[in-house]
Amino acid sequence: MKKSVLFTCLLLLCTSVFAQQNESDEQPKGFKRENMFFGSSLNLSLGNRFFNVGVNPELGYSLNKWLDAGVSLNINYFSQNASDFSNTRFRNFNYGAGTFLRIWPVNFLHLQVQPEYNWISSSQKNVITGQSARYNYNAESLLVGIGYGSRVVGNQYSYVTLMIDVLQNINSPYRDQFNDPLPVFRAGFGVYLNRKKQ
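Quick caveat, the model's predicted, so the values are computed rather than measured. Here the residue numbers are simple positions, counted from 1 along each chain's written sequence. In view of the model being predicted, local features appear only for residues whose pLDDT reaches at least 70, and side-chain atom pairs are presented and counted only at 80 or more, with totals across whole chains, interfaces and linings using the full set of residues. With hydrogens and water set aside, each side-chain value is computed from the structure's full complement of heavy atoms.

(A) The arrangement of the overall build of the protein in detail. Each helix is a run of DSSP H or I of at least 4 residues and each strand a run of E of at least 2, with the numbering of both proceeding from the N terminus. If you tally the helices and strands in the protein, you get 1 helix and 8 strands. Traced from its N-terminal end to its C-terminal end, the protein shows the element sequence α-β-β-β-β-β-β-β-β. Classification of the 198 residues of the protein by burial places 44% in the buried group. The contact criterion used throughout is that any non-hydrogen atoms of two residues lie within 4.5 Å. Once local pairs closer than 6 in sequence are excluded, the contacts in the protein between residues at least 24 apart make up 60%. Just so you have it, the protein exposes about 10900 Å², and 62% of that area is on carbon and sulfur atoms. Only protein chains enter the accessibility calculation, which uses a 1.4 Å probe; a residue is then buried when its area is under 20% of its type maximum, exposed when over 50%, and partly exposed in between. Throughout, the Shrake-Rupley method with a 1.4 Å probe supplies accessible areas, and for residues the shown protein chains are the sole cover considered.

Set out below in structure tokens:
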């Protein structure tokens, strides 16, 4: 799995380099500080007997009019109650880091790919026997999804995105105890450095 996350990160880097080479000649070449942005998103998942909330600060760069790339951090809390199928109650806290690629084929719609590596602290309790245990482990995840948003390069951006973890890692913070993917809903906003005056 580590190889797949590394491969995905390299693929994102190659895509961003290729996109920079394909920029039209009418724009000045080189690093532009006004294309750099920072922001954050709120992560929220709700379902039958589970709850997930988190925050995801990000730092990125708009490579052109339709492509953003960057790095992000995440801090999440996940809770899943016992059910008819499992007597175990879960309480997980995780933090992690990763990269992201946001493709804007049209002004209001984007596709997002976000590989992450997470460190998880889990508290598990059998609600019938009362036995409890604590575990620490780590896991890769690969979030992919689609979203709606508003983006003005050099000024500001906002978006809402729905993603799922497409890797099959049972330890992923975005999969339940049966290894089914949990929907990940993120709403984010941010501003560009050296914002353009309007």
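(B) Representation of empty space enclosed by the protein in the model. Two kinds of site are reported from a 1 Å grid over the protein atoms alone, namely cavities, where a 1.4 Å probe fits but cannot get out, and pockets, open sets with protein on both sides within 12 Å along at least five of seven lines, and residues are called lining when an atom falls within 4 Å of a point. Grid points are joined across faces, edges and corners, and a volume is the space filled by probe spheres set on the points. By the definition in use, this model includes 1 cavity of 30 Å³ or more. Approximately 40 Å³ is the volume found for the largest cavity. Along its surface, the largest cavity is lined by S41, N56, E58, S72, F100, R102, Q112, Q114, Y159 and R186. When contributions to the lining of the largest cavity are tallied by element, the ones reaching two or more residues are strand 2 (50–62), strand 4 (88–106) and strand 5 (109–126). When residue character is reported, Ala, Val, Leu, Ile, Met, Phe, Trp, Tyr, Cys and Pro are called nonpolar, Asp, Glu, Lys and Arg charged, and the others, Gly included, polar. Classifying every residue of the lining of the largest cavity gives 2 nonpolar, 5 polar and 3 charged.

(C) Up close: the packing of aromatic side chains. To pair, rings of Phe, Tyr and Trp, with the six-membered ring standing in for Trp, must have centres within 6.5 Å; the planes then decide the type, stacked if under 30 degrees apart, edge-to-face if over 60, and tilted in the middle. Counting across every chain of the model gives 9 aromatic pairs. With a centroid separation of 6.2 Å and an interplanar angle of 5 degrees, the aromatic rings of Y157 and Y159 are classed as stacked. The class of Y157 is buried, set by a relative accessible area of 4%. In textbook terms, an aromatic cluster arises when at least three aromatic residues are bridged by ring pairs, as seen for F37, F100, Y157, Y159 and Y192. Lying over the aromatic face of Y159, R102 brings its terminal NZ or CZ to 4.3 Å of the ring centre. Two conditions define a charge sitting above a ring: the NZ of Lys or the CZ of Arg must be within 6 Å of the ring centre, and it must be within 35 degrees of the ring normal.

(D) The environment of N94, seen in detail. One can find N94 in strand 4. Polar contacts involving the side chain of N94 include one to the side chain of N118, which spans 3.3 Å. As used in this structure description, the phrase polar contact means that two N or O atoms lie within 3.5 Å; if the pair is within protein, one of them must be able to donate a hydrogen and the other to accept it, and residues adjacent in sequence are counted only when both atoms belong to side chains.

(E) Representation of the pairing of strand 8 (residues 184–192) in the model. Alternating positions in strand 8 separate cleanly, V184, R186, G188, G190 and Y192 being buried on one face and F185, A187, F189 and V191 remaining unburied on the opposite face. DSSP-based pairing: two strands are paired if at least 2 bridges between them are found. Examined bridge by bridge, strand 7 (residues 156–165) and strand 8 share 8 bridges and lie antiparallel to one another. The residue bridging S158 from the neighbouring strand is F189, located in strand 8.

(F) Inspection of the environment of R134 at higher detail. If you trace the backbone, R134 turns up in strand 6 (residues 132–152). Residues in contact with R134, not counting those within four places in the same chain, are S121, S122 and S123.

(G) Examining the pattern of salt bridges more closely. Just to be clear on terms, a salt bridge is a Lys or Arg side-chain nitrogen sitting within 4 Å of an Asp or Glu carboxyl oxygen. This model, assessed by the stated rule, comprises 3 salt bridges. The partner of E58 in a salt bridge is R102, with the nearest N and O atoms 2.9 Å apart. Of this pair, E58 sits in strand 2 while R102 sits in strand 4; the two residues are 44 residues apart in sequence, bridging distant segments of the chain. Residues E58 and R102 agree in their burial class; the two are buried. Here E116 ties to R186 by a salt bridge, and the two come within 3.5 Å at their closest N and O atoms. Of the two residues, E116 is situated in strand 5 and R186 in strand 8; the sequence distance between them amounts to 70 residues. Of the residues examined, R186 reaches a relative accessible area of 2% and is grouped as buried.

Remember, this is a structural readout, not a statement about activity or role.
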